[in-house]
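So the chains spell out like this:
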Amino acid sequence: MRSLLGSHDLLFVTLDTLRFDVAADLLAAGRTPNLRAVLPGGRWERRHTPASFTYAAHHAFFAGFLPTPVTPGPHTRPFAARFPGSTTVGDDTWEFDAPDVVTGLRAAGYHTICVGGVGFFAMTSPQGGVLPGLFDEAHWTREFGVTNPGCFEAQLDRLKTALPADGPLFTFVNVAALHQPNRHYLPGAGDDSIESHAAALEYVDRHLPALFTLVTSRGRPCRVIMCSDHGTAYGEDGHTGHRVGHEVVWTVPYAEFTLAAGAW
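The sections below set out a description of the structure shown in this document. (Residues numbered from 1 in each chain as written. Predicted model: local features only at pLDDT ≥ 70, side-chain atom pairs only at ≥ 80, totals over all residues. Heavy atoms only, no water.)

1. Thoughts on the packing of aromatic side chains
Overall, the coordinates contain 14 aromatic pairs when judged by the stated rule. Between the aromatic rings of Phe135 and Phe170, the centroid separation amounts to 6.1 Å while the plane-to-plane angle is 15°, which identifies the pairing as stacked. Separated by 35 residues along the polypeptide, Phe135 in the loop between β6 (111-115) and β7 (137-139) and Phe170 in strand β8 (residues 169-175) bring together distant segments of the chain. Residues Phe135 and Phe170 agree in their burial class; the two are buried. Look at Phe135 and Phe172: their rings are 5.9 Å apart centre to centre, the planes differ by 25°, and that puts the pair in the stacked class. Note that Phe135 is positioned in the loop between β6 and β7 and Phe172 in strand β8, a separation of 37 residues in sequence. Overall, Phe135 belongs to the buried group, its relative accessible area being 6%. In textbook terms, an aromatic cluster arises when at least three aromatic residues are bridged by ring pairs, as seen for Phe12, Phe61, Phe62, Phe121, Phe135, Phe170 and Phe172. (Phe/Tyr/Trp six-rings, centres within 6.5 Å; stacked < 30°, edge-to-face > 60°. Helix = DSSP H or I, 4+ residues; strand = E, 2+ residues; numbered from the N terminus. Buried < 20%, exposed > 50% of the residue type's maximum accessible area, 1.4 Å probe, protein only.)

2. Side note on the side chain of Arg77
Take Arg77: it is sitting in the loop between β3 (68-69) and β4 (79-81). Buried within the structure, Arg77 lacks any salt-bridge partner; its nearest side chain of opposite charge belongs to Glu95, at an N-O separation of 6.9 Å. Within polar-contact distance, the side chain of Arg77 engages the backbone oxygen of Gly64 at 3.1 Å. Not counting residues up to four positions away in its chain, the partners in contact with Arg77 are Ala63, Gly64, Phe65, Phe83, Ser86, Thr88, Val89 and Thr93. (Lys, Arg positive; Asp, Glu negative; His and termini not counted. Salt bridge = Lys/Arg side-chain N within 4 Å of Asp/Glu carboxyl O. Polar contact = N/O pair within 3.5 Å; in protein donor to acceptor, adjacent residues only side chain to side chain. Contact = heavy atoms within 4.5 Å.)

3. Examining helix α3 (residues 54-62)
Buried residues dominate α3, accounting for seven of its nine residues. When α3 is considered as a whole, its buried residues turn out to be Thr54, Tyr55, Ala57, His58, Ala60, Phe61 and Phe62. Turning to α3, the residues buried within the fold contact β1 (9-15), β4, β5 (94-96), α4 (101-107), β8 and β9 (222-227). At the exit of α3 stands Gly64, carrying a positive phi of roughly 105°.

4. Re the sheet that holds β3
Ordered by their spatial adjacency, eight strands build an open sheet running β3-β2-β12-β9-β1-β8-β6-β7, and the pairing between neighbours is mixed. What marks the edges here is a single partner per strand, and that holds for β3 and β7. As paired elements, strand β2 (residues 45-48) and β3 share two bridges and run antiparallel to each other. What sits directly across from His48, in β3, is Thr68. Sheet strands in contact with helix α1 (residues 20-28) are β2 and β12 (251-259), and its direction is about 55° off that of β12. Strands in contact with helix α6 (residues 194-215) are β1, β8, β9 and β12; relative to β1, the strand with the most contacts, it is inclined by about 160°. (Pairing = 2+ DSSP bridges. Axes fitted to C-alpha atoms, helices over the stretch in contact; angles between N-to-C directions.)

5. Description of the pairing of β8
Of all seven residues in β8, seven are buried, a share of seventy percent or more. Because side chains alternate across β8, one face comprises the buried residues Leu169, Thr171, Val173 and Val175, and the other comprises Phe170, Phe172 and Asn174, equally buried. Examined bridge by bridge, β1 and β8 share six bridges and lie parallel to one another. Along β8, the bridge assignment pairs Leu10 with Phe170.

6. Side note on the packing of α1 against α6
The interhelical angle for the contact between α1 and α6, taken along N-to-C directions, is 60°, at an axis separation of 10 Å. Of the possible angle classes, the one that applies to α1 and α6 is oblique. Between α1 and α6 lies a crossing of right-handed hand. Contact residues: α1 offers Asp21, Val22, Ala23 and Leu26, while α6 offers Ile194, His197, Ala198, Leu201 and Glu202. When the residues that make up the contact of α1 with α6 are grouped by side-chain class, the tally is six nonpolar, one polar and two charged. (Parallel < 35°, antiparallel > 145°, perpendicular 65-115°, else oblique. Left-handed = near helix turned anticlockwise from the far one by under 90°. Nonpolar A, V, L, I, M, F, W, Y, C, P; charged D, E, K, R; others polar.)

Treat this as a map of the structure, not an account of what it does.
In structure tokens form, the structure reads like this:
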């Protein structure tokens, strides 16, 4: 990451609530072709999230603690807040002297944009304004939220008008489609299920080329980090939802890749 800073735009996408097993199964079945085209080796990396729900996970992410590889560490991090005693900083880790990466990137000359999805980015309450408040500009409407079947498309429509013409850019998008309720992505479904969760990922995959086109349209290469913040349960061991310490909640998909300027 340190070697790319300044020369590359940055895109951080959280596919909110996406389970690793669902993401991996759909990829293997050919149901997410646009993800297959960009994921390194055509696969998701299996990782563990630092928290079991959106608010806590994103605080950790913005502090530099992204989902951790499941293999024994220590594992170096792409970026990290500078503090004494850190054991996960490597030669290409970008260290920043700020409490969060958004503030650090702003100090490094990046314009920072947040396009929120779930309620913790809604800016309709003091708590909902904490994470978006880190950015130079933040965008949210009810159309971006979990109840709108076209939520990702609405976010992309807003992003089209928000991107500056030039200069280093950090774009953060929290995609709400995977989060319950997601039954509307599966025709005839009366309840949320792992099948409707999968259908929601197919919906997001169909529209990813539009996102990649936007972030590469400014004539600059773009480094992408894409992951889930946590998974969710659909009845496993009696659990429904998240904010619990279950394997389907802690295990998330993760990827890093670079999009060439104007490649989409």
